[in-house]
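Notes for the structure review
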Amino acid sequence: MYHYNLIITGRVQGVGFRYSTVEKARQLGVVGYVSNMPDGAVYIEAEGDEQDLGDFIAWCRQGPSMALVEDVKIETEPAKGYHNFEVKH
């Protein structure tokens, strides 16, 4: 089980990014959460196997159709044992 923290910047709030992220994560079997940050970025904690997380991160670099992703910063951490993927407000 791998764990990544992602900070996604660009036009990523107000475009359905969080809810599209939940849908994509659940399709891939990735667990964790997504939330908006006060500075306009989106923050994600994601856990899963290496292949699924690779596919998930590739999707995050594009996002939903109305998003304009400028950058994705990625950090690793030990897995926290999430059981599902959700939006945190």
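Residues numbered from 1 in each chain as written. Predicted model: local features only at pLDDT ≥ 70, side-chain atom pairs only at ≥ 80, totals over all residues. Heavy atoms only, no water.

- The name an unreviewed UniProt entry assigns to the chain is acylphosphatase, from the organism Salinivirga cyanobacteriivorans.
- Under the Sequence similarities (unreviewed entry) heading, UniProt states for the chain: "Belongs to the acylphosphatase family."
- Listed under Catalytic activity (unreviewed entry) in UniProt, the entry text for the chain is "an acyl phosphate + H2O = a carboxylate + phosphate + H(+)". (UniProt positions renumbered as here; feature names shortened; annotations may be inferred.)

**Quick notes on the environment of Ala 25**
- Take Ala 25: it is sitting in helix α1 (residues 17–28).
- By relative accessible area, which is 0% here, Ala 25 ends up buried.
- When the C-alpha atoms of Ala 25 and Glu 47 are compared, they prove to be 9.5 Å apart, with 22 residues separating the residues in sequence.
- Setting aside residues up to four positions removed in sequence, Ala 25 forms contacts with Val 30, Phe 56 and Phe 85. (Helix = DSSP H or I, 4+ residues; strand = E, 2+ residues; numbered from the N terminus. Buried < 20%, exposed > 50% of the residue type's maximum accessible area, 1.4 Å probe, protein only. Contact = heavy atoms within 4.5 Å.)

**Concerning the UniProt feature "domain: Acylphosphatase-like" (unreviewed entry) in the chain**
- Listed under "domain: Acylphosphatase-like" (unreviewed entry) in the UniProt record, and renumbered for this structure, are residues 3–89.
- Secondary structure across residues 3–89 divides into 26% helix and 39% strand, with the first and last C-alpha atoms of the span separated by 21 Å.

**Quick notes on the sheet that holds strand β1 (residues 2–11)**
- Spatially, the five strands line up as an open sheet ordered β4-β1-β3-β2-β5, and their pairing is mixed. Here the strands that pair on one side only, and so sit at the sheet edges, are β4 (68–76) and β5 (85–87). Adjacent strand axes in the sheet meet at a mean angle of 15°, parallel and antiparallel pairs treated alike.
- Of the strand pairs in this sheet, strand β2 (residues 31–36) and β5 are connected by three bridges, and their pairing is parallel. Following the sheet pairing, Tyr 33 is matched in β5 by Glu 86.
- Packing of α1 onto the sheet brings it into contact with β1, β2, β3 (42–48), β4 and β5, and relative to β5 it is tilted by some 175°. (Pairing = 2+ DSSP bridges. Axes fitted to C-alpha atoms, helices over the stretch in contact; angles between N-to-C directions.)

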